[in-house]
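# Structural overview for review
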Amino acid sequence: MSIHVSSIWLPRSRRAPGEARRRLSSLLAAAPSGGQFLEPGLLAVSELVTNAVLHGTPTGCLIYLALDVSPSRLRIEVHDARGDRAPVLSPPGLDDEAGRGLQLVKSVTDTWGCCPRDPIGKIVWCEVLAR
């Protein structure tokens, strides 16, 4: 973990992705060389939090966002309460209106994954490495 970290509990709300983008933008502005992670980070955090709102967080539960940036990488973690619903990376059809979020995350990050969260839920995470 670096000294440039931030975390926040977000509501299960359509406003959560915007708050996540603001939190990430502020963190990167304060971190040396943080600007190199801005574009991929904003897209990735927006998609992961949106997925948590739509698919991973039951009504009445919160989403936990953890951000960690160093000169060599940005790590984004989104914690939700649905451990029984792992993210699925599948190619959407040409006419599908949704289903491209994880494809976008995969395309702008160097690695991503999902792991259980104790005592309940899961953590969906991604990392962007310095270029």
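Above: the structure in question.
Our subject in this report is the structure included herewith. Model, not experiment: these values are computed from the prediction.

## Section: the packing of aromatic side chains
- Scanning the entire structure with this criterion turns up one aromatic pair.
- Ring plane angle 55° and centroid distance 4.9 Å describe the contact between Trp-9 and Tyr-64, whose orientation is recorded as tilted. Here the residue Trp-9 occupies a position in strand E1 (residues 4-10), and Tyr-64 occupies one in strand E2 (residues 63-70), the gap between them amounting to 55 residues.
- Accessibility expressed as a relative area gives 47% for Trp-9, which makes it partly exposed.
- Tyr-64 gets classed as partly exposed once you look at its relative accessible area, which sits at 22%.

## Overview of the pairing of E1
- Burial along E1 is one-sided: the face carrying His-4, Ser-6, Ile-8 and Leu-10 is buried and the face carrying Val-5, Ser-7 and Trp-9 is not.
- Note: E1 against E2, seven bridges, orientation antiparallel. Considered in E2, the bridge of Trp-9 is made with Tyr-64.

## Quick notes on the packing of helix H2 (residues 38-56) against helix H3 (residues 101-108)
- Direction vectors running N to C along H2 and H3 enclose 150°, while the axes themselves pass 9 Å from each other. When the axes of H2 and H3 are compared, the pair comes out roughly antiparallel. The way H2 lies across H3 gives a crossing that is left-handed. Every residue of H3 that contacts H2 at Pro-40, Leu-43, Ala-44, Glu-47, Leu-48 and Asn-51 is listed here: Gly-101, Leu-102, Leu-104, Val-105 and Val-108.
- Partitioning the contact of H2 with H3 into residue classes produces eight nonpolar, two polar and one charged.

## A few points about the pairing of strand E3 (residues 73-80)
- Burial of E3 is extensive: seven of the eight residues sit out of reach of the surface.
- In the sheet, E2 pairs with E3 via seven bridges, with the strands oriented antiparallel. Opposite Val-69, over in E3, you have Leu-74 as the bridge partner.
- The antiparallel hairpin formed by E2 and E3 contains two residues in its connecting segment.

## With respect to the state of the cysteines
- For the coordinates displayed, the defined rule picks out zero disulfides.
- Considering cysteine sulfurs only, Cys-114 is the nearest to Cys-115, which forms no disulfide, with 6.4 Å between them.
- Cys-114 supplies the cysteine sulfur nearest to Cys-126, a cysteine that is in no disulfide, at a spacing of 12 Å.
- With relative accessibility at 0%, the residue Cys-126 sits in the buried group.

Quick notes on the rules
Residues numbered from 1 in each chain as written. Predicted model: local features only at pLDDT ≥ 70, side-chain atom pairs only at ≥ 80, totals over all residues. Heavy atoms only, no water. Phe/Tyr/Trp six-rings, centres within 6.5 Å; stacked < 30°, edge-to-face > 60°. Helix = DSSP H or I, 4+ residues; strand = E, 2+ residues; numbered from the N terminus. Buried < 20%, exposed > 50% of the residue type's maximum accessible area, 1.4 Å probe, protein only. Pairing = 2+ DSSP bridges. Axes fitted to C-alpha atoms, helices over the stretch in contact; angles between N-to-C directions. Parallel < 35°, antiparallel > 145°, perpendicular 65-115°, else oblique. Left-handed = near helix turned anticlockwise from the far one by under 90°. Contact = heavy atoms within 4.5 Å. Nonpolar A, V, L, I, M, F, W, Y, C, P; charged D, E, K, R; others polar. Disulfide = S-S within 2.5 Å.

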